[in-house]
Amino acid sequence: MDSNVESPEQVAYRRMEETTRRLMEEFKLQDETSKSRGYESGGLKVALQSPHELPANNPSMIYTSQPRGSPYPVECLLRGAAAKRELIEYPDFPQEIYRASDLEERAYSIVDIPGKGLGMVAAQDLEPGELITSERPLLLAPHAISSPASLEFNDDATEEQQQAAKYFEADRMLKIAYERMHRDDQAAYMKLHNAHLHDGSGPLLGVMRTNSYGLFDMQGDTYVGVFNDLSRVNHSCCPNTDRAFDRAALSMQLYAVRNIKKGEEITTSYCNHLAPHAARQRALTPYGILCECPACVEHVESDKNRSRISHVRNSVPAIVKWAANPMLPDDLLLAPSLKMLELLELEGLEATPQYLQVLYHLMLICSALGTSSVNPGCGFYMEKWARLKRWDVKVNPAERGIQDLEKIRIASLVRRRVLMGKEQEEAAAVFGASNPEAE
Ligand SMILES: C[S@@+](CC[C@H](N)C(=O)[O-])C[C@H]1O[C@@H](n2cnc3c(N)ncnc32)[C@H](O)[C@@H]1O
């Protein structure tokens, strides 16, 4: 190899040094902590003490590799001692995970995708709910790092100067974290795509802004992470996967939300993909993406469909009322729910809460109607729902599902007029005297 040719990492380092020099000159900075003529930074005190020795309201940035002692740690940049404490005191933290590269067979590979750079494709057929990979970030930091609140500006500082100073400070903070990272992780970070080469972001911030996913909220900050493989997944407004962050293992899980064929591209959403086309395009512009997914190509029709879908609400109380009232037709809720499911699948919106909500409604409706009268029946929708719902980190799906199913079971007995003595009492307790069957 020609030794005069710079590697991508060397180019990135050189650019980082150039940016640093230019900004040091522009703001007359003497060293990292000195006061400049244009602005003063209070954000760069580095705390190396144990979090237990620092007061909870200590504003210093904490640089820490977590989980400590793990062969596969995450370089974390945390805002204050309380944030570090909250991170490491999370229930069951730390759970160890495998690196995808340690596994003999991976469910995906990273390849060139025409017009999109690199991307992830399925190395095998995948089913809805199937885990594709679980990966720890290379670097974790507060989302708001690119606008440090601790900067104070002179009155005559222009907006442009203020923006440049914010990006500069952010890159300096990221540089400290970067220098603590393992060499392999540094190289992997620098190889990632940077869509912010010309807007004043330093190279580390540019990579972070291009490749990070939101992970969780802690102490009023949203934390984001940059990944080695997961950051290679390209965007689609009809994504075939969804993501869930496991805090105990400090890792992001990527799972299929519909059938994915071997060789098919694996996609995720970088924005609110239920929003109208124009809003999505605005959100994707900083990534340099002109999305050509089916929803963007046919955006007039798709916007109408997505607007209808965005109005899907929790209808469990209405379903229970219908189930307990035999005067109402059997297909009152079944037909519109089936149509809504079809629309969601047509739009490729399986990675939305609305999809789960409609599957759940169908599960309850079919349960009330009895398995024999509906095809494919309650079990079919329940299985689909449960496969995706198990990734929901917020709710214990088993508990909620069982409670609602119990209500529906009683309501459907009312509907089918097959109530026994004890069930009549239960129905009276659930539906009160307004229910003719329970009186
Ligand atoms: C997080 S990276 C994804 C991996 C990237 N393709 C790479 O080569 O490393 C985001 C960048 O990928 C490209 N990208 C992602 N989704 C795209 C899409 N739907 N169409 C075109 N380019 C896309 C854009 O250049 C974007 O800035």
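A brief look at the structure comes next. Owing to the predicted nature of the structure, the values given are computational and were not obtained by experimental measurement.

1. Side note on the site of the ligand
And step 1. Taken together, 16 residues surround the ligand, and among them Lys-116, Leu-118, Arg-232, Asn-234 and Tyr-287 come closest.
And step 2. At 2.6 Å, a backbone N or O of Lys-116 approaches a nitrogen atom of the ligand.
And step 3. Within the backbone of Tyr-287, one N or O atom sits 2.6 Å away from an oxygen atom of the ligand.
And step 4. When the ligand is considered free in solution it has 560 Å² of accessible area, and contact with the protein chains removes 91% of it.
And step 5. If you map the ligand onto the pockets, it falls in the second largest pocket.
And step 6. Those elements giving two or more residues to the shell around the ligand turn out to be strand 6 (117-122), helix 5 (203-211) and strand 12 (234-235).
And step 7. Of the residues contributing to the shell around the ligand, the split by class is six nonpolar, eight polar and two charged.

2. Details of the layout of surface pockets
And step 1. If you add up the space inside the second largest pocket, you get close to 710 Å³.
And step 2. Around the second largest pocket sit 28 residues that line it, and Gly-115, Lys-116, Asn-234, His-235 and Ile-289 are the ones nearest its centre.
And step 3. The set of elements that each furnish at least two residues to the lining of the second largest pocket consists of strand 6, helix 5, strand 12 and strand 15 (265-268).
And step 4. In terms of residue class, the lining of the second largest pocket is built from ten nonpolar, twelve polar and six charged.
And step 5. Taken domain by domain, the lining of the second largest pocket gets at least three of its residues from each of domain 1 (8-268) and domain 2 (277-308).

3. Observations regarding the packing of aromatic side chains
And step 1. Summed over all chains, the structure comprises eight aromatic pairs.
And step 2. Ring centres 5.6 Å apart and planes at 35 degrees place the aromatic pair Phe-216 and Phe-245 in the tilted group. Linking Phe-216 in strand 10 (residues 212-218) with Phe-245 in strand 13 (residues 241-246), this pair joins segments that are 29 residues apart in sequence.
And step 3. Since its relative accessible area comes to 8%, Phe-216 is described here as buried.
And step 4. With a relative accessible area of 8%, Phe-245 lands in the buried category.
And step 5. Taking 5.1 Å as the distance between ring centres and 85 degrees as the angle between the ring planes, the aromatic pair formed by Phe-380 and Tyr-381 counts as edge-to-face.
And step 6. Put simply, the rings of Phe-216, Tyr-223 and Phe-245 pair up and form one aromatic cluster.
And step 7. Over the ring of Tyr-72 we find Arg-136; its NZ or CZ atom is 5.6 Å from the centre of that ring.
And step 8. One cation-aromatic arrangement involves Arg-247 over Phe-216; the distance from NZ or CZ to the ring centre is 4.4 Å.

The rules behind the values
Residues numbered from 1 in each chain as written. Predicted model: local features only at pLDDT ≥ 70, side-chain atom pairs only at ≥ 80, totals over all residues. Heavy atoms only, no water. Near = heavy atom within 4 Å. Polar contact = N/O pair within 3.5 Å; in protein donor to acceptor, adjacent residues only side chain to side chain. Areas by Shrake-Rupley, 256 points an atom, 1.4 Å probe, with all protein chains shown as cover. 1 Å grid on protein atoms, 1.4 Å probe; cavity = no way out; pocket = protein on both sides within 12 Å on 5 of 7 lines; lining within 4 Å. Sits in = over half its atoms within 2 Å of the grid points. Helix = DSSP H or I, 4+ residues; strand = E, 2+ residues; numbered from the N terminus. Nonpolar A, V, L, I, M, F, W, Y, C, P; charged D, E, K, R; others polar. Points joined across faces, edges and corners; volume = space filled by probe spheres on them. Domains from an automatic or database assignment. Phe/Tyr/Trp six-rings, centres within 6.5 Å; stacked < 30°, edge-to-face > 60°. Buried < 20%, exposed > 50% of the residue type's maximum accessible area, 1.4 Å probe, protein only. Lys NZ or Arg CZ within 6 Å of the ring centre and 35° of its normal.

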